[in-house]
Structures are given as structure tokens and as C-alpha cells.
Amino acid sequence: MDTSSKPTCRIVRPSNTYDGKQGLSYFEGIAAETVGSKGICMHVLTMPPGARAKAHLHESHETAIYCLSGSAHTWYGDRLENHVILHAGELMYIPAGVPHLPANLSNAPCTAIIARTDPNEQESVVLLPELDALVKV
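Model, not experiment: these values are computed from the prediction.

Undergrad: Hey, could you go over the environment of Val-137 for me, with residue numbers and the actual values?
TA: Residue placement: Val-137 occurs in the segment after α2 (129-132). Looking at Val-137, the relative accessible area reads 55%, which means it is exposed. Spatially, the C-alpha atom of Val-137 lies 29 Å from that of Asp-118, the residues being 19 residues apart in sequence. Those residues in contact with Val-137 that lie beyond four places of it in its chain are Arg-52, Trp-75 and Leu-105.

Pasting the structure below:
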């Protein structure tokens, strides 16, 4: 039996960053690109004070967020008509296909762990530039 193609456990040290289509920089984590995952992507995001993502959605993929420190505002819905503030120690769920736009309106960094059911980190990201102007921050 060829053991080189057998799945195995892997440790990822999130030291490299990449710029996502959403306009934020992410630390590399668990993804098809890094470990060959088949059904999940998980990475760390630190949004500096004043950071704001572009309005977007993830087609056919759910998102779970755990806020480690700081807080983040998120507008969501077809016209970004809903607003929540996620604080350290809280979790947020974003269903597949729901437009959203996160921003850090505080003067402290916000760090979160983000997991999605899409193993390919950026493939399901759909930018929604027509919604960006709906959120004034």
C-alpha cells in the first residue's frame, strides 16, 4: 500500500499571511491549500482598528467565527440591513449565501478564529460591490 497518499494529522503554525478578496489579511491555517482538507477551512484573522472588509458572501458554505479578543461589527442581510457586534468570547454563525460586511470600529485589534465548510479558502468568496456603500463607517 502506498502510504504517501494516506491522510495524516498535520500541525500548522499560522505565520504566513495572505490577502483575501474581502480586503483583509488572514493568517494561513487549515485549508485544502495547506493540508489538503476536504470539507473545512479554518484560519486566524486580526483586524486592526478601523479595518473594514468588502461586502461579500460565501456561496454554498457556512461560516463560524469565534472572537478571541476585541470586538467586530457585522452588517448582514440582502441589503446589509441587520447589524450585530461580536465581542471576545462570543461565537457567530453566518449561513451560506448571506451577504455580510465586518468592520473593526474600535481602537484595539480584533482577533478571531474563522471556520468555513469550504476547504478552498477563497473560492467561494463572492464580492458584492453594489452593497459596499450601504454601510457608512
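Undergrad: Please provide a residue-by-residue account of the pairing of strand β10 (residues 110-116), values included.
TA: Most of β10 is tucked away, with 6 of its 7 residues classed as buried. Two elements, strand β3 (residues 41-47) and β10, share 7 bridges in a ladder whose sense is antiparallel. Across the sheet, residue Met-42 finds its bridge partner in β10, namely Ala-115. The sheet contact formed by strand β5 (residues 63-69) and β10 spans 6 bridges and is antiparallel. Counted as the bridge partner of Ile-65 is Ile-114 from β10.

Undergrad: Give me the lowdown on the nonpolar core, citing residues and values where you can.
TA: Core analysis: the largest hydrophobic core is formed by 16 residues, its most contacted members being Leu-24, Tyr-26, Leu-45, Met-47 and Ile-65. Every element with two or more residues in this core is listed here: β3, β5, β8 (91-94) and β10. Residue contributions to this core peak at 3 residues, all from β10.

Undergrad: Any details on the state of the cysteines? Residues and values, ideally.
TA: By the definition in use, this model includes 0 disulfides. Between Cys-110, a cysteine without a disulfide, and Cys-67, which holds the nearest cysteine sulfur, the sulfur-to-sulfur distance is 3.9 Å. In this structure Cys-110 comes out as buried when scored by relative accessible area, which is 4%.

Undergrad: Can you lay out the sheet that holds β8 for me, pointing to particular residues and giving the numbers?
TA: Strands sit in the order β1-β2-β3-β10-β5-β8 across an open sheet of 6 strands; the sheet is antiparallel. Both outer strands of the open sheet, β1 (17-19) and β8, are each paired with one neighbouring strand and no more. Across the sheet, the mean angle from the axis of one strand to that of its neighbour is 30°, orientation sign disregarded. Sheet analysis places β1 next to strand β2 (residues 25-30), joined by 3 bridges and oriented antiparallel. Counted as the bridge partner of Asp-19 is Ser-25 from β2.

The rules behind each value
- Residues numbered from 1 in each chain as written.
- Predicted model: local features only at pLDDT ≥ 70, side-chain atom pairs only at ≥ 80, totals over all residues.
- Heavy atoms only, no water.
- Helix = DSSP H or I, 4+ residues; strand = E, 2+ residues; numbered from the N terminus.
- Buried < 20%, exposed > 50% of the residue type's maximum accessible area, 1.4 Å probe, protein only.
- Contact = heavy atoms within 4.5 Å.
- Pairing = 2+ DSSP bridges.
- Core = buried A, V, L, I, M, F, W, Y, C linked by side-chain atoms within 4.5 Å.
- Disulfide = S-S within 2.5 Å.
- Axes fitted to C-alpha atoms, helices over the stretch in contact; angles between N-to-C directions.

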